[in-house]
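Residue strings, one per chain:
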Amino acid sequence: MTRKLWSRETIASTAHVIQVERLLTKKIFIDETLLVMVRQGQKSIAWRDKNMLVSAGEAILVSAGCSLDVTNIPQSSHAPFEAEWLSFPLLRIYDPAGTNEANMPRVLHDVSVVFRQAFDHTVVSIKDAAGIPDRVAVKRVEEICEWLESFGLMLKPAANVMLSQRIRKLVLTDLLKNWRASEVARHFAMSEATLRRRLNAEETSFRSVVTEARMGHALALLQVTDQAVSQIALGVGYENPSKFTARFRARFGFNPGQVRAQEMPAALT
């Protein structure tokens with residue numbers, strides 16, 4: 001099956017990540033709560049002053065609204081890092097105590113075979129929109145939520161969503177559009193001055209949010225699809241691949257091609 005980003009709007013999205021080099025990506029903004037199952041290699045997460053390591057067969061739950069540094073570590077020079085993820089657009093980790101640790105990523109070390117099967121069934125339900133009704137996909141997501149509760153983790157509908165997250169989601173609806181702050185402000189029923197003031201309070205800017213949406217989506221496509229780099233560049237709004245590469249390198253510190261395998265292992269194609 002061709003690798004791609006699969007999505008059922010308002011239910012969940014899923015993708016299969018393959019990365020061949022050990023690469024550190026800093027300040028990754030998580031706009032949708034993610035449940036990542038590591039299949040091969042390891043994933044290192046740095047969040048605030050905490051460091052976490054997720055090994056093959058383990059999982060990590062990352063709440064929407066957090067920013068973290070991620071290193072995907074291949075198993076060897078011949079065995080790339082592999083993971084599969086589910087993202088939940090309307091949910092985030094619920095902390096009834098309301099502590100500052102609400103957004104802390106949670107590593108699930110003791111993952112049973114039955115939990116992994118439930119995860120795999122949910123992935124299949126997101127991919128097979130033609131064969132599996134939405135109501136079944138919803139039930140499978142609910143099953144994952146029940147499993148997470150057994151780990152002491154509860155997902156609830158997101159209450160307060162940061163403006164920068166809402167803008168990134170809007171930009172992702174049309175990455176080829178020349179987005180302007182005045183237009184986006186009108187979309188959210190506020191003045192441009194208010195929009196810029198609120199983004200400044202979130203320690204970012206309108207231009208940074210738009211660029212981050214494009215670069216973040218490009219990184220995801222490099223990891224989870226087989227599209228050519230030039231095709232991805234066009235898809236995120238860069239007609240000149242060299243300008244895209246320069247912008248990507250400035251954001252992440254490595255070239256787009258470093259994410260990709262020179263020859264994809266036969267078992268993965």
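Notes on the structure follow. Residue numbers restart at each chain and count upward from 1, following the sequence in its written direction. Only residues with pLDDT of 70 or above have their local features reported here, since the model is predicted, and side-chain atom pairs are shown and tallied only from 80 upward, although totals for entire chains, interfaces and linings are computed over all residues. Neither water nor hydrogens contribute to the side-chain values; these are computed over all heavy atoms in the structure.

As for the pattern of salt bridges
In what follows, salt bridge is the name for a side-chain nitrogen of Lys or Arg lying within 4 Å of a carboxyl oxygen of Asp or Glu. The full count for this structure, using the stated rule, is eleven salt bridges. Of the charged contacts in the structure, one is a salt bridge between Asp 31 and Arg 168, with a shortest N-O distance of 2.8 Å. In this pair, Asp 31 sits in the loop between β3 (23–29) and β4 (33–40) while Arg 168 sits in helix α3 (residues 163–171), placing the two residues 137 residues apart along the sequence. According to the relative accessible area criterion, Asp 31 is partly exposed, its value standing at 26%. Overlapping salt bridges, with partners in common, bring together Arg 39, Glu 84, Asp 120 and Lys 127 in one network. Helix numbering and strand numbering both begin at the N terminus, where a helix is a DSSP run of H or I of at least 4 residues and a strand a DSSP run of E of at least 2. Exposure classes here rest on a 1.4 Å probe applied to the protein chains alone. A residue is buried below 20% of its type maximum, exposed above 50%, and partly exposed in between.

Observations concerning the sheet that holds strand β8 (residues 67–73)
Ordered in space as β3-β8-β5-β6, the four strands form an open sheet in which the pairing is antiparallel. The two strands at the open ends of the sheet, each matched to only one other strand, are β3 and β6 (50–55). The mean angle between the axes of side-by-side strands here comes to 20°, regardless of whether they run parallel or antiparallel. Bridge count between strand β5 (residues 42–47) and β8: five bridges; the pairing is antiparallel. Paired with Ser 44 across the two strands is Thr 71, which belongs to β8. DSSP-based pairing: two strands are paired if at least 2 bridges between them are found. To obtain each axis, a line is fitted to C-alpha atoms, and for helices this fit is confined to the stretch in contact; angles are then taken between N-to-C directions over 0 to 180 degrees.

Brief notes about the nonpolar core
For the purposes of this section, nonpolar cores are sets of buried Ala, Val, Leu, Ile, Met, Phe, Trp, Tyr and Cys residues that join through side-chain atoms within 4.5 Å. Core analysis: the largest hydrophobic core is formed by 52 residues, its most contacted members being Leu 68, Ile 167, Val 184, Leu 195, Phe 206, Phe 244 and Phe 248. With ten residues, helix α6 (residues 206–224) is the single largest residue contributor to this core. In what follows, a contact means two residues having at least one pair of non-hydrogen atoms within 4.5 Å. Look past the residues within four positions of Leu 195 in its chain and what remains in contact with it is Leu 163, Ile 167, Ala 181, Val 184, Ala 185, Met 190 and Phe 206. By size, the runner-up hydrophobic cluster in this structure holds 25 residues, among which are Phe 88, Leu 108, Ile 126 and Val 141.

Some points on the packing of α3 against α6
Axis separation between α3 and α6 bottoms out at 9 Å; the angle between their running directions is 50°. With respect to their mutual orientation, α3 and α6 come out oblique. Classified by chirality, the crossing of α6 by α3 is right-handed. Judged by residue contacts, Ser 164, Ile 167, Arg 168 and Val 171 of α3 engage Phe 206, Val 209, Val 210, Glu 212 and Ala 213 from α6. Should an angle fall under 35 degrees it is taken as roughly parallel, and over 145 as roughly antiparallel, whereas 65 to 115 is taken as roughly perpendicular and any remaining angle as oblique. If you view the pair so one helix is near and one far, a crossing is left-handed when the near helix is turned anticlockwise from the far one by less than a right angle, and right-handed when it is turned clockwise.

Focus: the pairing of β8
β8 sits mainly inside the fold: five of its seven residues count as buried. In terms of strand pairing, β3 meets β8 through five bridges, oriented antiparallel. Bridge pairing in β8 links Leu 23 to Asn 72.

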